[in-house]
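# Understanding the architecture of this molecule
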Amino acid sequence: MSAPVSPRESASVHHLPNARPEVHPDNPGIPLDLEPVRAMRANLSAIQRRAATLPTRRTVKKQWQAAWLVKALQCIDLTTLAGDDTEGRVRRLCAKARQPLRADIAEALGLADRRITVGAVCVYHRFVETACQALEGSGIPVAAVSTGFPAGLSPFETRLAEIEASVAAGAGEIDIVITREHVLNGNWQALYDEVKAFKQACGPAHMKAILATGDLKTLRNVGRASMVAMQAGTDFIKTSTGKEGVNATLPVALVMVRAIRAYREATGNVVGFKPAGGISTAKDAMAFQFLMKEELGNDWLQPSLFRFGASSLLADIERQLEYYVTGRYASFDHHAMA
Ligand SMILES: O=C[C@H](O)COP(=O)(O)O
């Protein structure tokens with residue numbers, strides 16, 4: 001991270017890139033069109049080369065770096081998806097979601113009067129009601145992972161019922177998982193039908209389609225699955241559950257955001273992107289932000305079109321912002337939810 005500001009310098013963040021109105025996902029879907037699906041190509045070495053340059057492409061320092069990190073924080077789906085989750089843990093997570101920056105850090109950044117929150121809180125269905133109660137009045141949506149998360153192999157009707165139950169319990173966002181077998185078998189019709197049925201079951205809730213890219217074997221499959229999920233009407237495409245062997249990576253993200261761009265150029269429809277799983281440092285987060293800015297533009301830096309699915313990223317961002325305003329690093333356990 002860059003050197004801390006001197007006491008004489010103002011630590012205020014003046015460059016939060018959110019003066020413009022946010023663009024929201026707008027994707028009614030289209031009938032299944034296999035031509036662009038089959039046309040998806042992925043040049044592995046070119047993608048890897050491009051991905052390798054992303055973390056170093058921009059030199060962002062001082063208040064500009066702090067502004068990027070505050071924006072990253074606002075895009076976090078603050079997540080807990082563990083077998084030992086409890087109502088108490090979810091309530092603490094929601095308290096952190098409401099006030100993700102310690103008051104003294106927010107004050108030093110000149111953000112005390114701005115209502116800075118994370119993008120959403122993401123939990124299992126079991127905790128949707130708890131999270132909705134804890135977030136009441138905050139405007140922060142609750143996202144529920146659904147459809148047999150993480151494997152997505154429970155009976156189809158059960159998966160639909162799970163979506164409906166989470167929406168009825170108050171979830172404003174539903175993160176579904178696709179059946180990886182449909183992708184591995186090239187059964188695009190089955191994938192399209194599944195995602196479309198899930199979208200219908202979501203009703204007014206926003207849907208994110210988790211492709212579980214670590215299970216899809218090739219980047220070409222990632223591109224094809226992205227295209228089919230968008231044609232079926234998903235509002236976001238999301239990389240991973242966080243439970244696959246490999247989760248969000250920059251090469252996978254490049255393929256997915258380029259599919260978003262191609263789909264938008266072909267249809268005019270707008271789809272968001274959520275890298276998730278294994279993103280735990282401010283530096284990682286900024287590499288994904290640079291990717292979004294360069295591939296899709298500033299509209300995709302806003303929480304309406306960009307989220308990080310992350311359980312521990314917030315702690316590092318808060319730590320880096322504390323360093324920016326004080327010149328000292330705190331230990332991780334100094335920050336709540338570390
Ligand atoms: O969707 C979110 C992921 O499950 C979070 O993954 P993580 O615990 O590696 O940050």
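Preceding this section is the structure that the text describes.
In this report, the structure presented in the accompanying data block is examined. Since the model is a prediction, treat every value here as computed from it, not as a measurement.

## Observations regarding unusual backbone geometry
The peptide bond linking Phe149 to Pro150 adopts the cis configuration, its omega dihedral lying at 0°. We note that Thr147 has phi near 60°; this positive angle belongs to a residue other than glycine. Note that Thr147 resides in the loop between strand E3 (142-145) and helix H7 (156-168). The class for Thr147 is buried, based on 30 C-beta atoms found within 10 Å. The backbone phi angle of Lys217 is positive, close to 75°, even though this residue is not glycine.

## As for the packing of H7 against helix H9 (residues 188-202)
Running from amino to carboxyl end, H7 crosses H9 at an angle of 25°, the nearest separation of the two axes being 8 Å. Taken together, the axis directions place H7 and H9 in an arrangement best described as roughly parallel. Like other packed secondary-structure pairs, H7 and H9 cross with a definite hand, here right-handed. For the pair formed by H7 and H9, the contact residues are Leu160, Ile163, Glu164 and Val167 on the first element and Ala197, Phe198, Ala201 and Cys202 on the second. Its residues placed into classes, the contact of H7 with H9 shows seven nonpolar, no polar and one charged.

## Some points on the pairing of strand E5 (residues 206-210)
Of all five residues in E5, five are buried; the element is thus mostly enclosed. Both faces of E5 are covered, namely the face carrying His206, Lys208 and Ile210 and the face carrying Met207 and Ala209. Strand direction decides the pairing type here: E5 and strand E6 (residues 236-238), joined by three bridges, are parallel. Across the sheet, residue Ala209 finds its bridge partner in E6, namely Ile237. Where the polypeptide runs from E5 across helix H10 (residues 219-231) and back to E6, its parallel neighbour, the crossover connection is right-handed.

Calculation criteria
- Residues numbered from 1 in each chain as written.
- Predicted model: local features only at pLDDT ≥ 70, side-chain atom pairs only at ≥ 80, totals over all residues.
- Helix = DSSP H or I, 4+ residues; strand = E, 2+ residues; numbered from the N terminus.
- Buried ≥ 20, exposed ≤ 12 C-beta atoms within 10 Å, placed from the backbone.
- Axes fitted to C-alpha atoms, helices over the stretch in contact; angles between N-to-C directions.
- Parallel < 35°, antiparallel > 145°, perpendicular 65-115°, else oblique.
- Left-handed = near helix turned anticlockwise from the far one by under 90°.
- Contact = placed C-beta atoms within 7 Å.
- Nonpolar A, V, L, I, M, F, W, Y, C, P; charged D, E, K, R; others polar.
- Pairing = 2+ DSSP bridges.
- Right-handed = clockwise from strand over helix to strand, strands pointing away.

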